[in-house]
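# A closer look at the structure
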Amino acid sequence: QVQLVESGGGLVQTGGSLRLSCTASGRTFSTATMGWFRQAPGKDREFVSAINWSGRSTYYADSVKGRFTISRINAKNTLYLQMNSLKPEDTAVYYCAQTYSVGSIYDDRTYDYWGQGTQVTVSS
């Protein structure tokens, strides 16, 4: 059974930084495409970033490009999201997701497994 556990969320001021982590278990992490999504109150879940199995290919939403960095350490079964220059509009629950499917990495329907989410709140 796959488990994805996020950590690292919290409250930060505008311009601050946070690093989210997602630790995976249950299937071979090193062959999975991993993604981060977020959902703000009253809004749909949206794509934030994704990374291929090797870490050589990364993808970002325009709204976070240049501020967020996705990375992974396969030997630790861990995915990261470094978030810098945070803005109030980044406030959301952030979810880690995993897929072994072929599909759009921007579409949450492509992902097979999800974590429980971690809250990120950016105060103005």
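Placed above this text is the structure.
These notes cover the structure that comes with them. Note that the structure is a prediction, hence the values are computed from the model and not measured. (Residues numbered from 1 in each chain as written. Predicted model: local features only at pLDDT ≥ 70, side-chain atom pairs only at ≥ 80, totals over all residues. Heavy atoms only, no water.)

## Overview of the pattern of salt bridges
The cut-off we apply is this: We define a salt bridge as a side-chain nitrogen of Lys or Arg found within 4 Å of a carboxyl oxygen belonging to Asp or Glu. Counting from the N terminus, the helices are the DSSP runs of H or I reaching at least four residues and the strands are the DSSP runs of E reaching at least two.
Scanning the entire structure with this criterion turns up 6 salt bridges. In this structure, the salt-bridge partner of Asp90 is Arg67, at a minimum N-O distance of 2.7 Å. A residue pair is termed long-range when its members are at least 10 positions apart, and Asp90 in the loop between strand E8 (78-83) and strand E9 (92-99) and Arg67 in the loop between strand E6 (58-60) and strand E7 (68-73) qualify at 23 residues. Beyond isolated ion pairs, a larger network of salt bridges with shared partners links Arg38, Glu46, Arg67 and Asp90.

## Looking at unusual backbone geometry
What counts is decided by this rule: Only protein chains enter the accessibility calculation, which uses a 1.4 Å probe. A residue is then buried if its area is under 20% of the maximum for its type, exposed if over 50%, and partly exposed in between.
Despite not being glycine, Asn77 shows a phi value in the positive range, around 55°. As for its placement among the helices and strands, Asn77 is situated in the loop between E7 and E8. Judged by its relative accessible area of 29%, Asn77 is partly exposed. You will see that Ser85, though not glycine, has its phi angle at about 50°, which is positive. Examined against the element boundaries, Ser85 turns out to sit in the loop between E8 and E9. Since its relative accessible area comes to 42%, Ser85 is described here as partly exposed.

## Some points on the side chain of Thr118
Cut-off, in case you're wondering: Only heavy atoms matter for contacts: two residues are in contact if any of them lie within 4.5 Å across the pair.
Within the element layout of this structure, Thr118 appears in strand E11 (residues 118-123). Among the residues examined, Thr118 registers a relative accessible area of 11% and is labelled buried. Sequence-distant contacts of Thr118, defined by excluding residues within four places in its chain, comprise Glu6, Ser7, Gly8, Gly9, Leu20, Ala92, Val93 and Tyr94.

## Regarding the sheet that holds strand E1 (residues 3-7)
Rules: For two strands to count as paired, DSSP must find a minimum of two bridges between them. Think of each axis as a best-fit line through the C-alpha atoms, taken over the contacting stretch in the case of a helix, with angles from 0 to 180 degrees between the N-to-C directions.
A sheet is described by the order of its strands in space; here 4 strands give the open sequence E1-E3-E8-E7, paired in antiparallel fashion. Only two strands of the sheet have a single partner each, and these edge strands are E1 and E7. Across the sheet, the mean angle separating the axes of adjacent strands is 15° when strand polarity is ignored.

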